[in-house]
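# What the coordinates show
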Amino acid sequence: MKKLLLPVLLLLLQCTLFAQKTAHTFTLSDTAFLLDGKPFQIIAGEIHYPRVPREAWRQRMQMAKAMGINTIGTYVFWNVNEPEKDVFDFTGNADIAAFVKTAQEEGLWVVLRPSPYVCAEWEFGGYPYWLQNEGMQVRSKDPAYLAEYKKYIDELGKQLAPYLIVNGGNILMVQVENEYGSYGSDKAYLEINKKMFIDAGFKGLLYTCDPPNDMAKGRLPGLLAAVNAVNKPDVLKSWIKQNNDGKGPFFVAEWYPAWFDWWGEAHHTVPAARYAAELDELLGAGFSMSMYMFHGGTTRGFMNGANCYDSSYYQPQISSYDYDAPLDEAGNATDKFMQFRAVIQKHVNYTLPDVPAAKKSIAIPAIKFTSSADVFSILPKPVTAQQPLSFEKLNQAYGYVVYRTKIKNAASGMLAVKELRDYGVVFVNGKKQGVLNRMLKQDSLQIELSQGENTIDILVENMGRINFGPNLLKNNKGITEKVTLNGKELRGWQMYSLPMKDISSIKYNNKPLTGAPVLKKASFTLAEVGDTYLDMRKFGKGCVWVNGHNLGRYWQAGPQQTMYVPAEWLKKGSNEIIVFEMIKPNVNEISALDQPILNDLDETYNKQLLSK
């Protein structure tokens, strides 16, 4: 009897699994997308899996449904999923397949954007730093680059091809490249992209997207051409028709309800009412669209990018990716959310889910630091070279490097660093001399030397690789050329790598502070958990960890003055906080607010910036 039951049970299991993967079709007509042969209007919202704690993915998607979103858009980040060459990571917050599956469980479709270039205000536009080590030219037919690209996209296909709609999943479309027309016009390169995607298993509907003026350069015949813009429906339709053989469907792949922020400039906001009217017109005209961003979240760790379209400026982005989006950084509905929801409800023939209540937020009173270690007391074994080595030559992706040299019988004078990338704090014999700042074009300063031998230390921070434009290929970090004193090149350097990837082994010695950059640690107890915002207004510049999670960067320059701590990463009872402070080591306590501060500029710094 048992022998008879086993095949029956296996058959039932197979039938159940088949039923769970309901077959759908997704195709194009001249005017609309067709889901199972019927017109389907994509109302998408962009959410990026690394910018939201994995534990919160589902809540953010439920909020999307409550606003009327039926599809989630997301980039896929190469430097998240292959941080080092041939080292692939699809675990934890890097588990893109789990993100897509969560959307499926919540009844949401997905528009997937693996590119591999993403822009996205993300470090190196999503490219892993190590591509530069081998002299590869990204976004080109460089054979070495294409070989690495193929390895990556093949691995991605193994993760995500099962979720394509043609395979019974919820991925409707896959984007090839990303705004390529803003960068180049090599159709052969785009064809290589297309073939790689198909060979990796990304079969079904492929498309491209570009700003209006770049669509002709970035489109590929045979693929749907989408536009990235906010404008009147008639204007948008004409752009798409011009680049899509005179027909639709009409898809705005990036519709912007607001904008992102960078250090030293005011928080960008856009009135909800203005964009609610634009959304009403767009949906009323039958357009499909994707809101960039529906929910921005936070760019944690060292993963922010930078604006630098030409050599005249460098603008690293802040850690908060709030974006003035409909769903705020913590995942709560805003007034913009409610206005957009009312618009979307007009254009769908079903009642939207109720909006979940706002998440709980808490304030935390002052927490006193109990342990400390200045950076010069915890340096690892150095790498030595006659000239300074870049982060890339040190095989270091992010974080900090201390550059040290010793000189004898030299006069005080002007220390200059050629091509500093990006921020440096200079010390002589342990005494702070000042800072160097690429943003302010500060690459030199006066230093005071003693008689005899002097030790010069320069702590250099990589503030984020450029993510857009022609300077994408100029992304080395650290001291990338040379250092001179009174015009004479300094040679004989030691490089101490401080990637700050794992700070659990740091030994806190509590030695008296001398003005050097410092790591400070404290524990605090919570009777209840909720979202909270660390108040960094007393601090200078650095980064913060809570319970082992790197929350990102802070800087007195503003506009961001708080660090968002998700409730999901806090716990009842004892919690740990660590701060790495570069320029104000004597701050002895930290507290947290129940609301963020995202638009508070340091006016002195801002005046310096404007003068440059």
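What you see is a predicted model; the values in this text were computed from it and never measured.

Relative to the helices and strands, Lys-336 is located in helix α10 (residues 335–347). Overall, Lys-336 belongs to the buried group, its relative accessible area being 5%. Looking at Lys-336, its side chain comes within polar contact range of the main-chain oxygen of Val-270, at 3.2 Å. Not counting chain neighbours up to four residues away, the residues in contact with Lys-336 comprise Pro-257, Ala-258, Val-270, Ala-272, Asp-324, Ala-325 and Pro-326.

For any two helices packed against each other, one specifies the crossing angle of their axes together with the interaxial distance. In contact at an axis separation of 9 Å, helix α4 (residues 96–105) and helix α5 (residues 143–160) are set at 35° when each is read in the N-to-C sense. Our pair here, α4 against α5, has a crossing hand that is right-handed. Packed against α4, whose contacting residues are Ile-96, Ala-97 and Val-100, the element α5 presents Leu-156, Gln-159 and Leu-160 at the interface. Of the residues assigned to the contact of α4 with α5, the class counts are five nonpolar, one polar and no charged.

So, on to the layout of surface pockets. Taken as a whole, the largest pocket holds about 1,000 Å³ of empty space. As for the largest pocket, its lining consists of 30 residues, and the residues nearest its centre are Arg-300, Gly-301, Met-303, Lys-501 and Asn-550. Counting residues per element, the ones that place at least two in the lining of the largest pocket are α3 (78–81) and β31 (549–555).

A word on α5. Spanning 18 residues, α5 covers 25 Å between terminal C-alpha atoms, matching the ideal 26 Å at 1.5 Å per step. Residues Tyr-145, Leu-146, Glu-148, Tyr-149, Tyr-152, Ile-153, Leu-156, Gly-157 and Leu-160 constitute the buried set of α5. Two or three places before Ala-144, at the opening of α5, Asp-142 has a side-chain oxygen 3.2 Å from that residue's backbone nitrogen.

Here the structure, examined in full by the defined rule, presents 37 salt bridges. Note that Lys-151 is salt-bridged to Glu-148, the shortest N-O span being 3.2 Å. Taken together, the residues Lys-151 and Glu-148, both in helix α5 and three residues apart, mark about one turn of the helix. A salt bridge links Glu-568 to Lys-359, with the shortest nitrogen-to-oxygen separation between them at 3.8 Å. In this pair, Glu-568 sits in the loop between β32 (562–565) and β33 (573–581) while Lys-359 sits in the loop between α10 and β14 (364–368), placing the two residues 209 residues apart along the sequence. Judged by its relative accessible area of 28%, Glu-568 is partly exposed.

Time to look at the state of the cysteines. Covalently bonding the sulfur atom of one cysteine to the sulfur atom of another cysteine gives a disulfide. A full pass over the atoms with the stated rule returns zero disulfides. Cys-119 carries a free sulfur, and the closest cysteine sulfur to it, the one in Cys-209, is 10 Å from it. Cys-119 sits in the buried class, given a relative accessible area of 9%. Considering cysteine sulfurs only, Cys-119 is the nearest to Cys-308, which forms no disulfide, with 13 Å between them. Looking at Cys-308, the relative accessible area reads 5%, which means it is buried.

One pass over the structure, following the stated rule, counts 39 aromatic pairs. Judged by centre distance (5.8 Å) and plane angle (80°), the ring pair of Phe-33 and Phe-251 falls under edge-to-face. Placement of Phe-33 in strand β2 (residues 33–35) and of Phe-251 in strand β10 (residues 251–255) is noted, with a sequence separation of 218 residues between them. Residue Phe-33 is classed as buried on the basis of its relative accessible area of 1%. The ring of Tyr-321 carries the charged tip of Arg-51 above its face, separated from the ring centre by 3.6 Å.

It is worth spelling out the nonpolar core at this point. Core analysis: the largest hydrophobic core is formed by 141 residues, its most contacted members being Tyr-145, Phe-202 and Phe-580. In terms of residue count, the dominant contributor to this core is α5 (seven residues). In this structure Phe-580 touches Val-375, Tyr-400, Leu-459, Met-500, Pro-517, Val-518, Leu-519, Lys-541, Gly-542, Cys-543, Trp-545 and Tyr-554, once residues within four positions along its chain are discounted.

Looking at the element boundaries, His-24 is found in the loop between α1 (2–20) and β1 (26–28). In the structure, His-24 is positioned 372 residues away from Gln-396 in sequence and 45 Å away in space, judged by C-alpha atoms. Residues in contact with His-24, not counting those within four places in the same chain, are Leu-35, Asp-36, Trp-109 and Ile-165. A polar atom in the side chain of His-24 sits 2.7 Å from the side chain of Asp-36.

Next up on the list: the sheet that holds strand β15 (residues 371–374). With antiparallel pairing, five strands are arranged side by side in an open sheet as β15-β28-β33-β30-β31. In this open sheet, the two edge strands, each paired with only one partner strand, are β15 and β31. In this sheet, adjacent strand axes meet at a mean angle of 20° when their direction is disregarded. Note: β15 against strand β28 (residues 518–526), four bridges, orientation antiparallel. Looking at β28, one finds that Ser-371 is bridged to Lys-521.

A few words now on the pairing of strand β27 (residues 493–498). The pairing of strand β16 (residues 383–385) with β27 spans three bridges and is antiparallel. Across the sheet, Thr-384 pairs through a bridge with Gln-494, a residue of β27. With six bridges connecting them, strand β17 (residues 400–408) and β27 associate as antiparallel partners. Considered in β27, the bridge of Val-401 is made with Ser-497.

If you trace the backbone, Pro-388 turns up in the loop between β16 and β17. Apart from the residues lying within four places of it in its own chain, the contact partners of Pro-388 are Tyr-403, Ile-479, Glu-481, Val-483, Trp-493 and Met-495.

Burial runs high along strand β20 (residues 423–428): six of the six residues are buried. Side chains of β20 alternate between two faces, with Tyr-423, Val-425 and Phe-427 and Gly-424, Val-426 and Val-428 buried alike. Between β20 and strand β21 (residues 431–437), which pair antiparallel and follow one another directly, the connecting turn spans two residues, one of which, Asn-429, has a positive phi of 50°. Pairing of β20 with strand β23 (residues 453–461), which is carried by six bridges, proceeds in the antiparallel orientation.

Each value, and the rule that gives it
- Residues numbered from 1 in each chain as written.
- Predicted model: local features only at pLDDT ≥ 70, side-chain atom pairs only at ≥ 80, totals over all residues.
- Heavy atoms only, no water.
- Helix = DSSP H or I, 4+ residues; strand = E, 2+ residues; numbered from the N terminus.
- Buried < 20%, exposed > 50% of the residue type's maximum accessible area, 1.4 Å probe, protein only.
- Polar contact = N/O pair within 3.5 Å; in protein donor to acceptor, adjacent residues only side chain to side chain.
- Contact = heavy atoms within 4.5 Å.
- Axes fitted to C-alpha atoms, helices over the stretch in contact; angles between N-to-C directions.
- Left-handed = near helix turned anticlockwise from the far one by under 90°.
- Nonpolar A, V, L, I, M, F, W, Y, C, P; charged D, E, K, R; others polar.
- 1 Å grid on protein atoms, 1.4 Å probe; cavity = no way out; pocket = protein on both sides within 12 Å on 5 of 7 lines; lining within 4 Å.
- Points joined across faces, edges and corners; volume = space filled by probe spheres on them.
- Expected span 1.5 Å × (residues − 1).
- Salt bridge = Lys/Arg side-chain N within 4 Å of Asp/Glu carboxyl O.
- Disulfide = S-S within 2.5 Å.
- Phe/Tyr/Trp six-rings, centres within 6.5 Å; stacked < 30°, edge-to-face > 60°.
- Lys NZ or Arg CZ within 6 Å of the ring centre and 35° of its normal.
- Core = buried A, V, L, I, M, F, W, Y, C linked by side-chain atoms within 4.5 Å.
- Pairing = 2+ DSSP bridges.

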